[in-house]
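Structural overview for review
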Amino acid sequence: MPKVSATVNQLKLSPEVADAIADGRPVVALESTIIAHGMPYPSNLKTAKQVEEKIREHGAIPATVAILNGELVAGLNAEQLEQVANSTDFAKVSRRDLPAAITQKLNGATTVASTMFIASLAGISLFVTGGIGGVHRGAGQTMDVSADLLELAQTDVAVVCAGAKAILDIGLTLEHLETHGVPVLGVGSDDFPAFYTRSSDFRVDYRFDSPAAIARTLRHKWDLGLRGGVVIANPIPAKFEMDADTVKNAIDGALREAARQGVSGKEVTPFLLAEVEKVTAGASLDANVALVLNNAELGAQIAVEYSRISRGA
Ligand code: PSU
Ligand code: MN
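Attention in this report is confined to the structure presented alongside it. (Residues numbered from 1 in each chain as written. Chains lettered and ligands numbered in written order. Predicted model: local features only at pLDDT ≥ 70, side-chain atom pairs only at ≥ 80, totals over all residues. Heavy atoms only, no water.)

Description of the overall build of the protein
- Broken down by element type, the protein carries 12 helices and 11 strands.
- Radius of gyration (C-alpha) of the protein: 18 Å, near the 20 Å computed for a compact globule of 313 residues.
- C-alpha extents for the protein along the principal axes are approximately 50 × 45 × 35 Å.
- Taking all 313 residues of the protein together, the buried fraction comes to 52%.
- Pairs at least 24 apart in sequence give 75% of the contacts found in the protein among residues at least 6 apart. (Helix = DSSP H or I, 4+ residues; strand = E, 2+ residues; numbered from the N terminus. Rg over C-alpha atoms; globule rule 2.2 N^0.38 Å. Buried < 20%, exposed > 50% of the residue type's maximum accessible area, 1.4 Å probe, protein only. Contact = heavy atoms within 4.5 Å.)

Regarding helix α1 (residues 15-23)
- Listing the buried residues of α1 in full gives V17, A20 and I21. For α1, the angular spread of the buried residues around the axis is 100 degrees, confining them to a single face. Structural note: α1 exposes P15 and A22 on the side pointing more than 90 degrees away from its buried face.
- Looking at the buried side of α1, the elements it contacts are β1 (11-13), β2 (27-30), β3 (61-68), β4 (71-74) and α6 (112-122). (Arc of directions from axis to C-beta.)

Focus on the side chain of K221
- You can see K221 is positioned in helix α10 (residues 211-223).
- Here K221 is buried and forms no salt bridge, its nearest opposite-charge partner D156 lying at an N-O distance of 6.4 Å.
- One polar contact links the side chain of K221 to the main-chain carbonyl oxygen of R227, over a distance of 3.2 Å.
- If near-sequence neighbours (up to four positions away) are discounted, K221 is found in contact with G181, P183, L226, R227, G228, G229 and V230. (Lys, Arg positive; Asp, Glu negative; His and termini not counted. Salt bridge = Lys/Arg side-chain N within 4 Å of Asp/Glu carboxyl O. Polar contact = N/O pair within 3.5 Å; in protein donor to acceptor, adjacent residues only side chain to side chain.)

Some points on the site of ligand 1
- In the vicinity of ligand 1, 14 residues are found, and the nearest of them are K92, V112, S146, D148 and T269.
- A distance of 2.7 Å separates an oxygen atom of ligand 1 from a polar side-chain atom of D148.
- Burial of ligand 1 by the surrounding chains reaches 91%, relative to a free accessible area of 470 Å².
- For the shell around ligand 1, the secondary-structure elements that each account for two or more residues are α8 (147-154) and α12 (268-310).
- Grouping the constituent residues of the shell around ligand 1 by class yields four nonpolar, six polar and four charged. (Near = heavy atom within 4 Å. Areas by Shrake-Rupley, 256 points an atom, 1.4 Å probe, with all protein chains shown as cover. Nonpolar A, V, L, I, M, F, W, Y, C, P; charged D, E, K, R; others polar.)

Brief notes about the packing of helix α11 (residues 244-261) against α12
- Taken N-terminus to C-terminus, the directions of α11 and α12 make an angle of 135 degrees; their axes are 9 Å apart at the nearest point. In terms of axis orientation, α11 runs oblique to α12. For the crossing formed where α11 meets α12, the hand is right-handed. In contact with T246, A250, I251, A254, L255, E257, A258 and Q261 of α11, α12 contributes F271, L272, E275, V276, V279 and T280. (Axes fitted to C-alpha atoms, helices over the stretch in contact; angles between N-to-C directions. Parallel < 35°, antiparallel > 145°, perpendicular 65-115°, else oblique. Left-handed = near helix turned anticlockwise from the far one by under 90°.)

Re the pairing of strand β11 (residues 230-233)
- Residue alternation in β11 divides its side chains into two sets, V230 and I232 and V231 and A233, and both sets are buried.
- As defined by bridge partners, strand β8 (residues 158-161) adjoins β11 across four bridges and the pair is classed as parallel. Residue pairing for β11: C161 is matched across the bridge by A233.
- For strand β9 (residues 184-187) and β11, the ladder comprises three bridges, and the chain directions are parallel. Note on β11: the bridge partner recorded for G186 is A233. (Pairing = 2+ DSSP bridges.)

As for the pattern of salt bridges
- The full count for this structure, using the stated rule, is 15 salt bridges.
- Its salt-bridge partner being D223, residue R219 comes within 2.8 Å of it at the nearest N-O pair. In this pair, R219 and D223 both sit in helix α10, four residues apart, roughly one turn of the helix.
- The class of R219 is partly exposed, set by a relative accessible area of 22%.
- In this structure, E275 engages K278 in a salt bridge whose closest nitrogen and oxygen atoms are separated by 2.9 Å. Residue E275 and its partner K278 are both found in helix α12; the two are separated by three residues, about one turn of the helix.

So, the packing of α6 against α8
- Two elements in contact, α6 and α8, have axes whose closest approach is 8 Å; the angle formed by their N-to-C orientations is 25 degrees. One finds that α6 runs roughly parallel with respect to α8. Judged by residue contacts, V112, A113, M116 and F117 of α6 engage A147, D148, E151 and L152 from α8.
- Counted by class, the contact of α6 with α8 contains six nonpolar, no polar and two charged residues.

Side note on the side chain of S189
- Looking at where S189 falls in the secondary structure, it is placed in the loop between β9 and β10 (206-208).
- Classification of S189 as buried rests on a relative accessible area of 11%.
- A polar side-chain atom of S189 sits 3.0 Å from the main-chain amide nitrogen of D191.
- If near-sequence neighbours (up to four positions away) are discounted, S189 is found in contact with V204, R207 and P235.

Spatial relationships are all this shows, so hold off on functional conclusions.
Spelled out as structure tokens, the structure:
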């Protein structure tokens with residue numbers, strides 16, 4: 001049985017997503033912060049549609065998640081997708097923002113943390129995104145640790161991503177995931193990827209080369225009663241990889257600018273992402289689109305295998 005929470009009246013699944021979950025067919029959740037805040041219009045809408053199409057091509061049903069008029073929606077229709085992509089009133093909504101967003105009937109773009117939470121409420125186990133949040137550089141002073149990491153520690157959803165951007169302290173991000181028992185699985189590589197580049201200074205403990213083996217690993221984790229998420233780190237395809245020095249310079253500049261302007265709180269990540277994108281212009285957008293599509297393909301393949309083994313087929 002799908003674990004749809006009967007008590008959550010605010011959870012709204014599209015008919016297609018609801019049917020697929022009820023039948024145990026593969027479904028892949030998608031976040032909306034990347035649409036509302038991660039890319040300019042209309043590239044964001046075009047990419048969101050391509051990502052959904054890619055997931056369908058590989059046999060799964062896409063469920064893009066957003067907060068619409070205070071409802072937690074999984075499975076946006078074309079009109080709703082356009083609304084998220086082309087409106088200015090979609091605030092970044094993380095776990096802690098959900099209760100107030102419901103009361104005040106807000107619109108909101110969901111982060112990795114809140115998308116995982118909503119996916120889990122709906123009974124969706126796979127989630128595809130670009131990059132996860134993590135421990136920020138200088139967190140020893142600021143204590144700025146993304147809610148994404150705490151969500152990964154407790155919510156049973158696997159996240160396919162291209163690693164984490166080096167706006168973060170990647171080493172401390174991996175330490176945090178280790179402390180909280182979150183498996184980090186590398187795909188086709190021994191390196192933990194840094195979003196724009198295939199490598200960082202860090203390795204993954206486990207390399208996987210097939211979606212089926214990853215699906216089995218998820219099944220083992222949750223069958224053991226080990227609660228929480230899994231990071232599936234899928235490096236950007238080599239031909240879209242950016243020059244490491246270009247990325248490093250852009251990130252260093254962005255961090256200096258954030259410090260100069262005294263940016264803090266939930267604005268830090270969007271500010272840094274926007275600065276990096278401003279400096280690297282078209283190249284980072286192309287890389288971003290390519291890696292998300294690559295993740296969508298893998299996420300759908302894992303969802304298909306996961307649904308097959310979970311149904312005992
Ligand atoms: N990192 C990226 N791209 C993103 C984000 C992070 O490379 O779009 C977004 C995601 O929605 C993620 C959120 O969940 O930022 C994390 O924000 P914070 O660091 O404030 O927790
Ligand atoms: Mn933060």
